[in-house]
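Residue-level listing of the chains:
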Amino acid sequence: MLSLEILQVYWWFIVSLLGGLLVFMMFVQGGQTLMFSLGKSEIQRDMIINSIGRKWELTFTTLVMFGGACFAAFPLFYATSFGGAYWVWMAILFCFILQAVSYEYRKKPDNFLGQKTYEIFLFINGSVGVVLIGMAVSTFFSGSNFVLNEQNFVEWKSALRGLEALFNPVLYLLGIAMFFLARIGGALYLINNIEDTELRANARKAVLKNTIAFLPFFLGFLVWILTKDGFSYDQDSGVVSMVAYKYALNFIQMPVIIIAVLVGVFLVLFGVFKGAFSSSIYGIIPFGVGVVLVVTSLFLITGLNCTAFYPSYADLQSSLTIKTASSSHYTLNVMMYVSFLVPVVLGYIFVVWRAIDSKKITQDEIKNDHHAY
């Protein structure tokens, strides 16, 4: 049986990987925000929505898997964040409800809201929902406004319950960066999935424009986390303290992670190059792998190397670490065997994905498909 410490690291890696997969899958949300700018006609908008609409459940499923992994492996974090930061997570959930309803009813006859309203709902999901998730992740670096009592019951110190993050300008860096990253992924996926010369040409331009918009926000976020003080804890006593350049030190002291980031950044840029400057339709593949590597690495540096991954600026000693927030040794060990099924699930998704995308979407298909979104 593996030690508790190894299992805690293992499960933080699983949570981080699911976070990386979730951010990649947000190309669906990004594609939704592109339907008005890329879809120059009604049929082109239908093609865009039906292309990404066949994948929207995967994004939501990945979000649920992320929450489920947190609940199983780090229940105190789940209770503190999802229960404490109540209103921000309710806002995110509401955005995803809008998405599900919109795909279901957009083309239904006699819907009283009208097609345009549901398209606006999809845009809200792809913009507001993504930015809010990015800001929620940023609190892993900035800290949140909560206190834990002796019984580990959480008390959120603001009636806004997580929405106070909206008043911290620096948190918008990652939120807006994720918005443009999702749009890059959405454009790359549409290039791959839709057989339409005009739409593909417009999507290639969108890849370049959104990359230019993405870079200053993401670089600003990197400068912020690499120069700020971080939340560190003593391995023996568990006492949390502030350490200068903590996240930069994490990269230096864990070289495997910085290598993963560099490889990921290279793959993202390579995918952008293939999408914007070549005739290839496969830019989404290196882009997706790169996004997963970079985001997984960012999650890892928040929880490994004696770092408090969910810090509290209201009370440093209430900050959560993978040691204090994890489940019992028995639970983590049992769940580890359950996690071995993850590759099977991913393999199934891969097979289904290839089957769905084996035939590219065309105008004729959408015109003759009575079950289209």
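Residues numbered from 1 in each chain as written. Predicted model: local features only at pLDDT ≥ 70, side-chain atom pairs only at ≥ 80, totals over all residues. Heavy atoms only, no water.

- An unreviewed UniProt entry annotates the protein chain as Cytochrome bd-I ubiquinol oxidase subunit 2 of Campylobacter suis.
- Turning to the protein chain, the UniProt record has this under Sequence similarities (unreviewed entry): "Belongs to the cytochrome ubiquinol oxidase subunit 2 family." (UniProt positions renumbered as here; feature names shortened; annotations may be inferred.)

### Focus on a nonpolar patch on the surface
Here is step 1: A cluster of nonpolar side chains, namely Y86, W87, M90, L93, I97, V101 and Y105, defines an oily patch on the protein surface of about 620 Å² accessible area.
Here is step 2: One can find M90 in helix 7 (residues 86-105).
Here is step 3: Relative accessible area serves as the criterion here: at 35%, M90 is assigned to the partly exposed category. (Patch = residues over 30% accessible without salt bridge, like charges linked within 9 Å, V, L, I, M, F, W, Y side chains within 5 Å. Areas by Shrake-Rupley, 256 points an atom, 1.4 Å probe, with all protein chains shown as cover. Salt bridge = Lys/Arg side-chain N within 4 Å of Asp/Glu carboxyl O. Helix = DSSP H or I, 4+ residues; strand = E, 2+ residues; numbered from the N terminus. Buried < 20%, exposed > 50% of the residue type's maximum accessible area, 1.4 Å probe, protein only.)

### What to know about the nonpolar core
Side chains of nonpolar character tend, in soluble globular proteins, to be buried together.
Here is step 1: Residues W12, F74, F77, I301, F309, Y310 and L320 are the most contacted members of the largest nonpolar core, which totals 107 residues.
Here is step 2: No other element matches the 13 residues that helix 9 (residues 172-193) contributes to this core. (Core = buried A, V, L, I, M, F, W, Y, C linked by side-chain atoms within 4.5 Å.)

### Describing the side chain of N145
Here is step 1: Its location among the elements puts N145 in the loop between helix 8 (115-142) and strand 1 (146-148).
Here is step 2: Given a relative accessible area of 14%, N145 falls into the buried group.
Here is step 3: Not counting chain neighbours up to four residues away, the residues in contact with N145 comprise E155, W156, K157, S158, E164, Y313 and A314. (Contact = heavy atoms within 4.5 Å.)

### Points about the pattern of salt bridges
Here is step 1: For the structure on display, the rule yields five salt bridges.
Here is step 2: The salt bridge involving E42 is made with R45; its shortest N-O contact spans 3.3 Å. Here R45 and E42 lie together in helix 4 (residues 42-53), a separation of three residues that amounts to about one turn.
Here is step 3: We classify R45 as buried; its relative accessible area is 18%.
Here is step 4: The shortest N-O distance in the salt bridge between K157 and E155 comes to 3.4 Å.
Here is step 5: Taken together, the salt bridges that share partners define one network made up of D46, R106 and E119.

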